[in-house]
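Fold and contact review
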Amino acid sequence: SSGHGRPIAQKRTPGNVGGYTFETTHSPHGPDNGLQWVIWIDGVLTMLQTPAGVLENGVWHHVAATYDGATMRIFVDGIERASQAAAGAMEPTDEPFVIGRNVVIPSFAWHGFLDEIEFYNRALNVTEMEVRQRRKELGIVPVYYRVDTCAAEFATNTAYLYISSSRVFSGQ
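In this report, the structure presented in the accompanying data block is examined.

Pairing in this open sheet of three strands is antiparallel, and the strands run β5-β6-β7 from one edge to the other. Edge positions in the open sheet fall to β5 (63–67) and β7 (79–85), since each of these has one partner strand only. Geometrically, the sheet is characterised by an average inter-axis angle of 10° between neighbouring strands, direction not taken into account. Pairing analysis gives five bridges linking β5 to strand β6 (residues 71–76), with the strands arranged antiparallel. What sits directly across from A64, in β6, is F75.

Bringing the pairing of strand β3 (residues 34–41) into the picture now. Burial analysis of β3 places eight of its eight residues in the buried class, which makes it a mostly covered element. Where strand β2 (residues 19–25) lies against β3, six bridges are found, and the strand directions are antiparallel. Following the sheet pairing, T24 is matched in β3 by L35. Across six bridges, β3 lies against strand β4 (residues 44–49) in antiparallel orientation. Bridging from a neighbouring strand, W37 pairs with L48 of β4. In this structure, the hairpin formed by β3 and β4 is closed by a connection of two residues, where D42 is found at a positive phi of approximately 50°.

With 13 residues, helix α1 (residues 126–138) extends 18 Å from end C-alpha to end C-alpha; this agrees with the ideal 18 Å at 1.5 Å per step. Immediately downstream of α1, the backbone of G139 shows phi near 75°, a positive value.

Next up on the list: the nonpolar core. One finds L35, W37, I39, Y67, M72 and I74 to be the most contacted residues of the largest nonpolar core, which totals 17 residues. Those elements that provide at least two residues to this core are β2, β3 and β6. When residues in this core are grouped by element, the largest group, four residues, is from β3. Setting aside anything within four residues of it in sequence, one finds I39 in contact with G19, Y20, V44, L45, T46, Y67, M72 and M90.

We now examine the pairing of β7. Summarising the sheet, β6 and β7 pair through six bridges and their orientation is antiparallel. Its bridge partner being in β7, M72 is matched across the sheet by Q84. The antiparallel pairing of β6 with β7 creates a hairpin that spans two residues between the two strands, and D77 there sits at a positive phi of about 55°.

Here we come to the sheet that holds β4. Sheet architecture is open: five strands sit in the order β4-β3-β2-β1-β8, paired in antiparallel fashion. Edge strands, defined here as strands with exactly one partner in the open sheet, are β4 and β8 (98–99).

It is worth spelling out the pattern of salt bridges at this point. Taken as a whole and judged by the stated rule, the model has three salt bridges. Among the salt bridges present, the one from D68 reaches R73, with a minimum N-O distance of 3.8 Å. Overall, the relative accessible area of 24% leaves R73 in the partly exposed class. Here the salt bridges share partners, and the residues they tie into one network are D68, R73 and E80.

Cut-offs and rules
- Residues numbered from 1 in each chain as written.
- Predicted model: local features only at pLDDT ≥ 70, side-chain atom pairs only at ≥ 80, totals over all residues.
- Heavy atoms only, no water.
- Pairing = 2+ DSSP bridges.
- Helix = DSSP H or I, 4+ residues; strand = E, 2+ residues; numbered from the N terminus.
- Axes fitted to C-alpha atoms, helices over the stretch in contact; angles between N-to-C directions.
- Buried < 20%, exposed > 50% of the residue type's maximum accessible area, 1.4 Å probe, protein only.
- Expected span 1.5 Å × (residues − 1).
- Core = buried A, V, L, I, M, F, W, Y, C linked by side-chain atoms within 4.5 Å.
- Contact = heavy atoms within 4.5 Å.
- Salt bridge = Lys/Arg side-chain N within 4 Å of Asp/Glu carboxyl O.

That's the geometry; what it means functionally is another story.
Next up, the structure:
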């Protein structure tokens, strides 16, 4: 999604106070084809932006933003592209969490596809980010299986899903 302020994910108020947003950047408000991670700490907006050109339109990218209470970081395709010190607790908000929607400027909605959005209650470390990138390079993807029985002992009316990992092979 090209353009400024097109959110991947956010949880902030329509008045742009509290919470966080992870979104694209574009001139004149930020680097062209970049990302920004914005959090509110103790009533102060804290912004981290990547350099220009970390995103390419029409290409899938794995992007991540982390905050561990001391440092903000942005990763693109497993590589740390921006970081800065920031201390304190992220300011909470009761607003709903949204994907691809800008609650401050609704016309700045995400244009494109988003896949495999994940949230953790902690910042992933660099090794974990590298493992995710290596899985992507090897074509190892999550696979969801539907199970209609309970350990094949009895039938159930409720289907269960479980997740595993599998390697994607080309049609050879």
